[in-house]
Amino acid sequence: MEVRDRATTDVTTIGRTDGDGPRLPLGRYLARDGSHGGDVALDCARPHAMCLVGKRGSGKSNTLALLAEGLCAVDGTVPVVVDPMGGFAGLDALGVTVCEPRVSAGAIPAREWPRLVGLDPREPAGALVWTAASERPTLAEMREYVDSEGTRPTRRVAANHLARAASWEVFAPEGIRRPTEPTVLNLAGVSDRAANAVVRAVATGLYERRLSGEGPLPWLLVDEAHVFLDGVAAPALDTLLTRGRAPGVSLVLATQRPDALPETAVSQADLLATHRLTGRADTAAVAGARGDYVDGPVEPRIPAGVGDLLVFDDATERAHSVRVSERATSHGGTAPTLGTDGYE
Ligand SMILES: Nc1ncnc2c1ncn2[C@@H]1O[C@H](COP(=O)(O)OP(=O)(O)OP(=O)(O)O)[C@@H](O)[C@H]1O
């Protein structure tokens with residue numbers, strides 16, 4: 001049975017079983033013959049955890065941007081977009097802050113510092129970096145500490161790795177941690193390790209902010225999520241997946257590599273959405289996760305066209321085929337660049 005809103009009977013809201021509360025416009029129902037049905041929206045009255053998968057170019061970023069646009073229009077919710085490719089700068093047209101984020105070194109737990117800078121915590125140089133992070137709150141002070149401690153070869157290795165971390169230019173004593181305004185974290189050109197540091201700090205900050213009951217309900221929308229699922233950001237994303245909804249933090253993980261999603265991600269998410277997939281293993285993984293929401297085999301329901309989406313919804317225990325709307329904001333920022341925005 002489809003869940004229809006009482007107030008607007010021609011909009012179906014995925015992610016809830018009752019008809020009340022705000023929702024995010026998503027698109028229109030897609031029939032098997034390709035024709036379009038009624039409007040479809042996504043619930044945002046409650047927090048959600050969503051995995052969004054699909055081949056390169058299948059429409060994941062468009063869908064994320066559309067959700068962010070919708071969230072900007074809902075009082076009390078705040079999108080925070082992790083943008084490794086610089087594709088969300090156009091959200092600035094809606095007043096979203098697009099920043100090259102800086103985070104404080106102290107926002108990364110000391111035990112994670114060796115791994116973050118590529119050292120083994122069991123080796124002397126890694127252990128020295130760990131101690132430096134325990135003893136000093138800023139990267140500059142950690143570097144001073146390393147310069148004054150340890151034996152000479154250990155010191156040199158630790159200092160070199162911290163110098164590299166400084167060259168990422170993502171650490172600053174007063175970094176952002178807990179955005180309360182719609183924000184795009186523009187990580188284009190930032191190394192994976194550095195981007196992981198930013199996401200670890202921000203994901204933890206948003207969770208802690210909500211644990212203390214402060215501020216609006218954040219939605220962390222992570223594009224290219226595979227980059228963060230085996231790095232220093234992973235434990236914080238896992239916390240949001242498993243415990244984030246209770247204090248009101250939503251998470252959307254978008255990736256072209258469904259195999260990179262840990263089992264907890266797929267099992268903990270209440271929404272699993274797929275754009276086009278081609279690999280048999282990827283299709284089988286999706287089918288295995290929520291196949292019982294579909295009458296008959298899942299494979300024929302996997303979308304073929306760009307922007308087409310199949311959403312498995314735990315709330316209704318149904319799969320919904322949707323033609324996702326095109327985002328209203330542009331791919332890049334509002335400042336036109338020769339040959340791209342505004343000059344076609
Ligand atoms: N629902 C849609 N309606 C219209 N155009 C769309 C839709 N979804 C995607 N597109 C267009 O298709 C192209 C690829 O989309 P998008 O960048 O969102 O794919 P992607 O899956 O995020 O790709 P990648 O993995 O490379 O980041 C873009 O030009 C985008 O504007």
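All figures in this text were calculated on a predicted structure; none of them were measured in a lab.

Conventions and cut-offs
- Residues numbered from 1 in each chain as written.
- Predicted model: local features only at pLDDT ≥ 70, side-chain atom pairs only at ≥ 80, totals over all residues.
- Near = placed C-beta within 6 Å.
- Helix = DSSP H or I, 4+ residues; strand = E, 2+ residues; numbered from the N terminus.
- Nonpolar A, V, L, I, M, F, W, Y, C, P; charged D, E, K, R; others polar.
- UniProt positions renumbered as here; feature names shortened; annotations may be inferred.
- Domains from an automatic or database assignment.
- Contact = placed C-beta atoms within 7 Å.
- Buried ≥ 20, exposed ≤ 12 C-beta atoms within 10 Å, placed from the backbone.
- Arc of directions from axis to C-beta.
- Axes fitted to C-alpha atoms, helices over the stretch in contact; angles between N-to-C directions.
- Parallel < 35°, antiparallel > 145°, perpendicular 65-115°, else oblique.
- Left-handed = near helix turned anticlockwise from the far one by under 90°.

> Explain the site of the ligand here, please?
Lining the immediate surroundings of the ligand are 13 residues, of which Gly59, Lys60, Ser61, Asn62 and Gly307 lie closest. Considering every element that reaches the shell around the ligand, the biggest residue donor is helix α1 (residues 60-72), with three residues. Within the shell around the ligand, the residues separate by chemical class into two nonpolar, eight polar and three charged.

> I would appreciate a short explanation of the UniProt feature "domain: AAA+ ATPase" (unreviewed entry) in the protein in the present structure.
Per the UniProt record, the feature "domain: AAA+ ATPase" (unreviewed entry) sits at residues 46-287. Taken end to end, residues 46-287 comprises 43% helix and 14% strand; its first and last C-alpha atoms sit 26 Å apart.

> I would appreciate a short explanation of the domain arrangement of the protein in the present structure.
Interfaces are often described in size by the accessible area the parts lose on coming together. Assigned domains of the protein: these are domain 1 (47-101 + 176-324) and domain 2 (105-167). Relative placement of domain 1 and domain 2: their C-alpha centres are 32 Å apart. Contacts between the two partners involve eight residues from domain 1, matched on the other side by five residues from domain 2. Taken together, the residues that form the side of domain 1 that touches domain 2 break down as three nonpolar, two polar and three charged.

> Is there a simple way to explain the environment of Thr283 in this structure?
For Thr283, the location among the structural elements is in helix α10 (residues 280-290). Put simply, Thr283 and Leu251 are 32 residues apart on the chain and 23 Å apart in space, counted from C-alpha to C-alpha. The contact partners of Thr283, leaving out residues within four places of it in the chain, are Leu277, Glu299 and Ile302.

> Looking at this structure, I do not really get α10. What am I missing?
Residues that lie three or four places apart on an α-helix share one face, since the helix turns once every 3.6 residues. By the burial criterion, the buried members of α10 are Val286, Ala289 and Arg290. Buried residues in α10, looked at end-on, bunch into an arc of 70°, giving them a common side. Relative to its buried face, α10 has exposed residues pointing more than 90 degrees away, namely Arg280, Ala281 and Gly288. Taken together, the buried residues of α10 touch β4 (49-53), α9 (263-268), β10 (271-274), β11 (308-313) and β12 (318-324).

> Where do I start with the environment of Ala93 in this structure?
Looking at where Ala93 falls in the secondary structure, it is placed in the loop between β5 (77-83) and β6 (97-99). The partly exposed category is assigned to Ala93, around which 13 C-beta atoms lie within 10 Å.

> Sorry, what's going on with the packing of helix α3 (residues 124-135) against helix α5 (residues 152-167) here?
Angle between the axes and distance between the axes are the two parameters that describe a pair of packed helices. Axis separation between α3 and α5 bottoms out at 8 Å; the angle between their running directions is 60°. When the axis of α3 is compared with that of α5, the two are oblique. Between α3 and α5 lies a crossing of right-handed hand. Each of Pro124, Ala125, Leu128 and Val129 in α3 lies in contact with α5, whose residues at this interface are Thr154, Val157, Ala158, His161 and Leu162. Broken down by class, the residue content of the contact of α3 with α5 amounts to seven nonpolar, two polar and no charged.

> Would you take a moment to explain unusual backbone geometry for this structure?
Peptide bonds are, in most cases, trans, and in most cases residues other than glycine have a negative phi. Unusually for a residue other than glycine, Glu169 sits at a positive phi of about 60°. In this fold, Glu169 is placed in the loop between α5 and β7 (183-186). A residue is classified by how many C-beta atoms lie within 10 Å of it, and Glu169, with 11 of them, is exposed.

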